[in-house]
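# Notes for the structure review
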Number of protein chains: 8
Amino acid sequence: MSKPLDQNPSAVLDFQREKRIGLSEAVFCARKSPGQIANILARFEEHATSCLLTRLDQKKFNALPSPLQKQLDYDSLSSTAFFLDPNPKPHKIRVAIVSGGTSDASVCAEAARTLAFYGVTSNSFQDVGVTGLWRLLERLEEIQDYPIVITVAGMEGAIFSVLGGLIDAIIIAVPTSVSYGIGSDGELALHAALGSCAPGLVTVNIDNGYGAACSALRIINKLRIV
Amino acid sequence: MSKPLDQNPSAVLDFQREKRIGLSEAVFCARKSPGQIANILARFEEHATSCLLTRLDQKKFNALPSPLQKQLDYDSLSSTAFFLDPNPKPHKIRVAIVSGGTSDASVCAEAARTLAFYGVTSNSFQDVGVTGLWRLLERLEEIQDYPIVITVAGMEGAIFSVLGGLIDAIIIAVPTSVSYGIGSDGELALHAALGSCAPGLVTVNIDNGYGAACSALRIINKLRIV
Amino acid sequence: MSKPLDQNPSAVLDFQREKRIGLSEAVFCARKSPGQIANILARFEEHATSCLLTRLDQKKFNALPSPLQKQLDYDSLSSTAFFLDPNPKPHKIRVAIVSGGTSDASVCAEAARTLAFYGVTSNSFQDVGVTGLWRLLERLEEIQDYPIVITVAGMEGAIFSVLGGLIDAIIIAVPTSVSYGIGSDGELALHAALGSCAPGLVTVNIDNGYGAACSALRIINKLRIV
Amino acid sequence: MSKPLDQNPSAVLDFQREKRIGLSEAVFCARKSPGQIANILARFEEHATSCLLTRLDQKKFNALPSPLQKQLDYDSLSSTAFFLDPNPKPHKIRVAIVSGGTSDASVCAEAARTLAFYGVTSNSFQDVGVTGLWRLLERLEEIQDYPIVITVAGMEGAIFSVLGGLIDAIIIAVPTSVSYGIGSDGELALHAALGSCAPGLVTVNIDNGYGAACSALRIINKLRIV
Amino acid sequence: MSKPLDQNPSAVLDFQREKRIGLSEAVFCARKSPGQIANILARFEEHATSCLLTRLDQKKFNALPSPLQKQLDYDSLSSTAFFLDPNPKPHKIRVAIVSGGTSDASVCAEAARTLAFYGVTSNSFQDVGVTGLWRLLERLEEIQDYPIVITVAGMEGAIFSVLGGLIDAIIIAVPTSVSYGIGSDGELALHAALGSCAPGLVTVNIDNGYGAACSALRIINKLRIV
Amino acid sequence: MSKPLDQNPSAVLDFQREKRIGLSEAVFCARKSPGQIANILARFEEHATSCLLTRLDQKKFNALPSPLQKQLDYDSLSSTAFFLDPNPKPHKIRVAIVSGGTSDASVCAEAARTLAFYGVTSNSFQDVGVTGLWRLLERLEEIQDYPIVITVAGMEGAIFSVLGGLIDAIIIAVPTSVSYGIGSDGELALHAALGSCAPGLVTVNIDNGYGAACSALRIINKLRIV
Amino acid sequence: MSKPLDQNPSAVLDFQREKRIGLSEAVFCARKSPGQIANILARFEEHATSCLLTRLDQKKFNALPSPLQKQLDYDSLSSTAFFLDPNPKPHKIRVAIVSGGTSDASVCAEAARTLAFYGVTSNSFQDVGVTGLWRLLERLEEIQDYPIVITVAGMEGAIFSVLGGLIDAIIIAVPTSVSYGIGSDGELALHAALGSCAPGLVTVNIDNGYGAACSALRIINKLRIV
Amino acid sequence: MSKPLDQNPSAVLDFQREKRIGLSEAVFCARKSPGQIANILARFEEHATSCLLTRLDQKKFNALPSPLQKQLDYDSLSSTAFFLDPNPKPHKIRVAIVSGGTSDASVCAEAARTLAFYGVTSNSFQDVGVTGLWRLLERLEEIQDYPIVITVAGMEGAIFSVLGGLIDAIIIAVPTSVSYGIGSDGELALHAALGSCAPGLVTVNIDNGYGAACSALRIINKLRIV
């Protein structure tokens, strides 16, 4: 009587996704137990398919079975891991990742690692927040060489607007939850990206470095073909 | 002077509730101490009435007196327990529980256990989120066999609308707090259920698997009679 | 150069919807111009299919072409109209519509008219708000004869909980925007329905009498078959 | 250079407050360190004035110097303490404290202890939530004997409206943060108290049992004189 | 087919309310049509019972049938009317209504008229906002003669706290929607009343002069008896 | 004394913007008077530069000086106008504009007109909301031919996720304020776009058809070069 | 019976305010009727004291008695008026008013007129929004000559941070309600001012040009003395 | 493959900031690891430039390398540290820091330490909350000697308005997160500062003692020169 749950033991994964949308299924670890993660990875292994794990913090990584840990290419700053070597074909197109300070480093890293999983190289431009505008202006020419710029910022997100008015790149804003007082949890930076006067900015959810990289990948996939 | 409180030692339970509304009083354990829970169960025992406990997490279960633990049919995934065997008359009508992924498993389980307490069998359909639409379409015919479908989803809750446009079942939406960034804590999924274009969806509170099951039970009680 | 829009002149209506989900496509008039409404109804006429129009206020009704007005069975309290006689097979099952006061009358009427479009009779119980509890208690026995009760309330929505603790019917809550001060626009009543202690309540969006009726119809469709 | 702060070592307490407003200064311990609390109590001792401490949880109480602990009449359910015997003149007027369940017990206790500090006796009526309406109706006559009723409720706070429509007492609503899902943290119950249809309810802040007792005391002080 | 509504033509009024709670049913006109108001007043006339109408603005008053207008004692500042002479027994206890400026005048007037309906005299103290603190201090002694003080304020509502720290009266705060920018619609003033450091304040909903008067009347009814 | 304002009479326009970011300065008319608009256009005329006007509703267009009206290529559905013939070089790359219904037509039109101003052709796919999923699936192959898809949706915005899981295009979501009840004003659709499970979606502000087109243009400008 | 209001006919004005805080009482006209405004000005006339009127829109100005209109030095852009010639001693210190566009003109004008009332000259720098950064950089040297800079901006308010990182002036931010979509009503700009990374910014309420000028005046009053 | 990040090892600090805006770059430690802090300080040491560290709580200070701890002048109440002796030229102008109670002490201390870093002396006036108004009035004359007053308050922030109406100083409000129930996290106090009736108040973000000091420093820098 007390076991009515038909708990289907093996997850039904969407292995056709990459073919359909150019991006494979990733494993979002934030709400999964180590056991659930191990079960899912077993399915990938059966299918001989590599996968990207996100939001896998150091503590949860340490709680995984030791042999599994060894199978993972883990990066603690970004809380990401690669399971089975993705071994992607390198892309010619590179992405710039621009941010204001060290506090946004983990979100930048999540974007960079996601790009790397698909063979895209990125370069990061840190410490270019607008309070010291010269730092951004000094590196502007360099940034302008990239067709796609992922811009990561918390607080008031003024860099979204400043950059949007200075360069003609495709700009993807990633608001971060680095802030305090009113508008914290990234809401202020998100609204700044959405309400910017600079035309043609697009945005993804707060702290969503993974999502920003995925949208860059959609663009890159089309840039190659067109 | 310092003990002015007239702390009535024994709770006044609503044993007539089942007769009135078809559902007996359940014990919501989230804000109760182990001592308070034990006292309340003692009242049920005196009254020789079985009861359902919800939101009883593993840690609080472990803190209950050891003999009491043994009297409970406890399930940790759903954080529910049955006190005294409910021994319900099995119903012919079954309920489908549809969800997008493993993260919603505990809410699904709370619904399933509540139904089981009253003798209703449920079947779960997991991993049918709309990002891999084929997974839902593949199992649609099966789902259509159930008159009542409890649909559990976090994030943007798109499955509520998709399912609502595809089947003629009674659909009860359970938004979950599985999400991050803006609209987290389940608010986005709740609003998606309420604001859906698909006609005739109803919803319960965030993470309220118990409530969804209770509304299914109200319907089943009427289905039997009419 | 200045006319780049490919404005497809005829709407693509979902005439298969009734077969799929038991409910046909309705025309939500709130954001449509009289011209757009006329165009859509022309499609229904071609298809010899009757339809329900909602949120068609008196002013917009008056702005429709005069011959079209005559084709409509219009009701101004509910802001609904029937286009072409739906001529439904009458159902045996009836629905109770319970509300606290005259201010909720238009939402009650929208629910009643939607039910009528599908051949379901409803009876309304007004002036049974909890401030004068005797008025509700006096009519309770009568209300208990209905398997489905649509409960419409604004302000603090206390009637949802009171009724939910007194009867075993299927209760669908419709919060209304009748309120003022903090929690106005119906948010307070909506939250009261979602956060109620009474087990097994379900709710629809604010002022959504149409949605409540649709969910009642999904239940009735199943009650007939099972 | 590095010690610019003129940290005035002794707090300036408002010993005239009781004379002015009939209520003495209480010590709100939630944001104070054990050291700060001890310093403040030392000032009360110098002044030979008793005082009430609120939001002093068990852990912080245990962190106080052991001799000071002995000087306190501490109650852990309400997280309150009396410093130096207040020894108030007992009042004839008593207060009813009405609540729905055991989860609200600590807020009820804070109100009761505050009243006791000033010599007012209270009686608590628990387990009278509206889901089992008979429990409230059964004790209604008893409650009606009290001129002042403090009503404590979380969740949807329906009891505020029900009680407000049934008795002619002075009703002070205390919304509590006992809830979950949408409207949690007591906001739903607060809004229910403010937006109630029952005329003449007043409310205090969420979980503010102390404040409810203080407003009762203001009334009692006037009731004695007029 | 198109008239399924059982629109019970005559409202069921709660004439027993005054006996139960000491306050009779009032007619809240904000969401009612002139026709609905006229119907309700006809019921009061049949029952030979006087009633108070609130939120009846000048425009709606003018839209009432002319003979009905003559039966009303109408006051446009407060948007209230008396139907049939209430002829109350005058109370000895008087109420002070304190406010900061002319912008709050209509809310003050609603409170005053409600009190007058029940035979309670009030005196208003205007222009005593805290920006010119001397104006409040100058009239403080006068205000202290009243056992009950209704305090009406918009904007930051600082007067609630200042007054609460200066006098021992029963203080009922009425936040008003007089404000602009952030915190407008009265939310700031409401929160200021709820979050005040001054002990023993109670509050009613935004702009709810009627509610403040009703709570004063509950107190007065008890002050007379005790 | 009374004219202290140094009101610099001629606006300083940013004619270098197109060179810098590939997009010229547009005139957002929503908060400007007809006189202010005329002054700004005079500057563009002096500079022999064409410009795009947005949020110019029919009423404000009619209030412009009659000769100026004749100089404008005005479209009332989109509330846009072209001043001086932009005469752009046509692009080979085309954009799909996908939406659920007629209510979103004006936002779709704003995007289409902005693209047209820069010589980009768009095709609209209307009536493909997910409640009638077959309508979307039927046209999917056609949509897949476009490298960039602007998706416009109000209500629960479920189409963002469904489409994001089905095609590999660059998808730009435009949430619209077409909704009612909770989550209205487009907030629900915005959050659905941000919180979608489908990887690689980007979003712009509510109702911002202009912004979506601008971001498409940034991508097209890069697609041409790379 | 029906006239219980003690409506004290003459407002009690705070003529000592200027002496106390250096700023005289202004008349905020937004919620006052023409009659109330006329009564208040009569008091100023009796007292031979000039005053500043704010939020007096053209329509309300036109509704004032014609002789009174002639006594006012009215400016419609700022919705301000001077009653009786303030005739202030001119200050040497001047204020810069910096803004992004024509949409903020009325808020800038309110600040400028308030300063003028007290004899302070201001210069406005318009069209210096950050989307065309060169426009701000071009005028930066000029702006740096002012010790106090009032910065007025709506939308994402990026100029607050950019300016705060470039100059050493005292910077007072005035967020405006010029925006749309999410974060509208000026909330986004307000939060941007509060959450800016640039150290030492201060802010006033949304659209509060008057308040910004008053805080500049407090500073100027001290600059003169120190 | 797994190390795609170009993590530039040394932060690019803005050493020109002090010259530009009169304030040097401070190190906000809240989101930085001990390692990141040590790296940044190494850069300051190379540059022989002293710096201020904020939000460095005791636990994080203890986690710094022991030699580095010795180089810091650390203050735990304010969570600030000075790295390398700033050795500023003392200013003649002093600042008053006014607050209501001991709970605001850490925010006051952050302001005082920031001022000290730049050679400005401050004096604190604690325990002057408005509930005991005499305490503020008693010290008013003393406070009036300061040209700049930083006012720190949580809860309902009534002191902002009271002080603003009593003195002619430059008043900088710092709302604090000291509160509970509705409006907690400092939002109520922030809104009270913004919505105050007292003219000429300015505000900084919640708990931002550092920002308040910086704005005072901007004023002092100008006071010296003008």
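Residues numbered from 1 in each chain as written. Chains lettered and ligands numbered in written order. Predicted model: local features only at pLDDT ≥ 70, side-chain atom pairs only at ≥ 80, totals over all residues. Heavy atoms only, no water.

## Things to note about the sheet that holds strand S4 (residues 80-83) of chain F
Residue and element names in this part refer to chain F. Strands sit in the order S1-S2-S4-S3 across an open sheet of four strands; the sheet is mixed. Of all the strands in the sheet, the pair left with one neighbour each is strand S1 (27-28) and strand S3 (72-75). Contacts from helix H2 (residues 34-46) reach S1, strand S2 (51-54), S3 and S4, with the element oriented near 165° to S2. (Pairing = 2+ DSSP bridges. Helix = DSSP H or I, 4+ residues; strand = E, 2+ residues; numbered from the N terminus. Contact = heavy atoms within 4.5 Å. Axes fitted to C-alpha atoms, helices over the stretch in contact; angles between N-to-C directions.)

## With respect to the interface of chain B and chain C
How big an interface is tends to be reported as the loss of accessible area on association of its parts. Contacts between the two partners involve 35 residues from chain B, matched on the other side by 34 residues from chain C. Summed over both sides, the interface of chain B with chain C buries roughly 3,000 Å², with 63% coming from carbon and sulfur. Across the contact surface, chain B and chain C share two salt bridges. Counting only elements with at least two residues in the side of chain B that touches chain C, the list comes to helix H1 (17-21), strand S8 (170-175), helix H8 (187-194), strand S9 (202-203) and helix H9 (209-225) of chain B. It is H9(B) that provides the largest number of residues to the side of chain B that touches chain C, a total of eight residues. Of the residues in the side of chain B that touches chain C, the class split is 21 nonpolar, nine polar and five charged. (Buried area = accessible area lost by both parts, 1.4 Å probe. Salt bridge = Lys/Arg side-chain N within 4 Å of Asp/Glu carboxyl O. Nonpolar A, V, L, I, M, F, W, Y, C, P; charged D, E, K, R; others polar.)

## A short note on the relation of the copies chain B and chain C
One copy of the chain maps onto the other through a rotation about an axis plus a displacement along that axis. Rotating chain B by 180° about the axis while translating it 0.0 Å along that axis superimposes it on chain C, leaving an RMSD of 0.0 Å. Put plainly, the chains are arranged around a two-fold axis. A symmetric contact is evident, with 97% of the interface residues of chain B recurring at the interface of chain C. (Least-squares fit on C-alpha atoms with pLDDT ≥ 70 in both.)

## Notes on the arrangement of the chains
Separated throughout, chain D and chain F approach each other most closely at a C-alpha pair spaced 12 Å apart. Between chain C and chain H there is no contact, and the shortest C-alpha to C-alpha distance separating them is 12 Å.

## Examining helix H2 (residues 34-46) of chain D
Residues and elements named next belong to chain D. Counted at 1.5 Å a residue, the expected span for H2 with its 13 residues is 18 Å, and the 19 Å between its end C-alpha atoms agrees. Along H2, the positions that sit buried rather than exposed are Ile-37, Ile-40, Leu-41, Arg-43 and Phe-44. When H2 is viewed along its axis, its buried side chains cluster within an angular range of 150° and face the same direction. Summarising the contacts, the buried residues of H2 are in contact with strand S1 (27-28), strand S2 (51-54), helix H3 (58-62), helix H4 (66-71), strand S3 (72-75) and strand S4 (80-83). One or two steps after H2, the chain reaches Ala-48, where phi turns positive at roughly 50°. (Expected span 1.5 Å × (residues − 1). Buried < 20%, exposed > 50% of the residue type's maximum accessible area, 1.4 Å probe, protein only. Arc of directions from axis to C-beta.)

## What about the confidence of the model for chain A?
Residue and element names in this part refer to chain A. Overall, the prediction assigns chain A a mean pLDDT of 91, with 94% of residues at 70 or greater. Taken together, the stretch residues 1-9 has pLDDT below 50 and engages in 16 contacts with residues farther than four places along the chain or on a different chain. Taken together, the chains of this predicted complex give a pTM of 0.93 and an interface ipTM of 0.93. (pLDDT = per-residue confidence, 0-100.)

## Some remarks on the packing of H8(B) against helix H9 (residues 187-194) of chain F
Look at H8(B) against H9(F): their axes get within 10 Å of each other, and the N-to-C directions meet at 125°. Put simply, H8(B) runs oblique to H9(F). The handedness of the crossing between H8(B) and H9(F) comes out as left-handed. For the pair H8(B) and H9(F), contact is made by Leu188(B), His191(B) and Ala192(B) and by Leu188(F), His191(F) and Ala192(F), respectively. (Parallel < 35°, antiparallel > 145°, perpendicular 65-115°, else oblique. Left-handed = near helix turned anticlockwise from the far one by under 90°.)

## Some thoughts on the relation of the copies chain H and chain D
Here chain H sits on chain D after a turn of 90° about the axis and a move of 0.1 Å along it, with an RMSD of 0.0 Å. A rotation of that kind, with that shift, is consistent with a four-fold axis. It is Asp185(H) whose C-alpha, among those of chain H, lies nearest the rotation axis, at 9.1 Å.

## Side note on the sheet that holds strand S3 (residues 72-75) of chain A
Residue and element names in this part refer to chain A. Spatially, four strands are ordered S1-S2-S4-S3 in an open sheet, and the strand pairing comes out mixed. Each having just a single partner strand, strand S1 (27-28) and S3 make up the two edges of the open sheet. As paired elements, strand S2 (residues 51-54) and strand S4 (residues 80-83) share three bridges and run antiparallel to each other. Note that in S4 the partner of Leu-53 across the bridge is Ala-81. Where helix H2 (residues 34-46) meets the sheet, it contacts S1, S2, S3 and S4, and its direction lies at approximately 165° from that of S2. Strand contacts of helix H5 (residues 105-117): S2, S3 and S4, with the helix running at about 15° to S4, the strand carrying the most contacts.

## What to know about the domain arrangement of chain A
Residue and element names in this part refer to chain A. Domain parsing of chain A yields domain 1 (17-83) and domain 2 (94-222). Centre-to-centre, using C-alpha coordinates, domain 1 lies 25 Å away from domain 2. Contacts between domain 1 and domain 2 engage 19 residues on the former and 16 residues on the latter. Each partner contributes to the roughly 1,400 Å² buried at the junction of domain 1 and domain 2, and carbon and sulfur atoms together form 60% of this total. For domain 1, the biggest contributors to the area lost against domain 2 are Leu-23, Leu-77 and Phe-82; these three give 36% of the whole. Here domain 1 is connected to domain 2 by two salt bridges. Here Arg-55 and Glu-110 are joined by a salt bridge, their closest N and O atoms 3.2 Å apart. At the junction of domain 1 and domain 2, the tally comes to five residue pairs in polar contact (both at pLDDT 80 or more). Contributions of two or more residues to the side of domain 1 that touches domain 2 are made by helix H1 (17-21), S2, S3 and S4. (Domains from an automatic or database assignment. Polar contact = N/O pair within 3.5 Å; in protein donor to acceptor, adjacent residues only side chain to side chain.)

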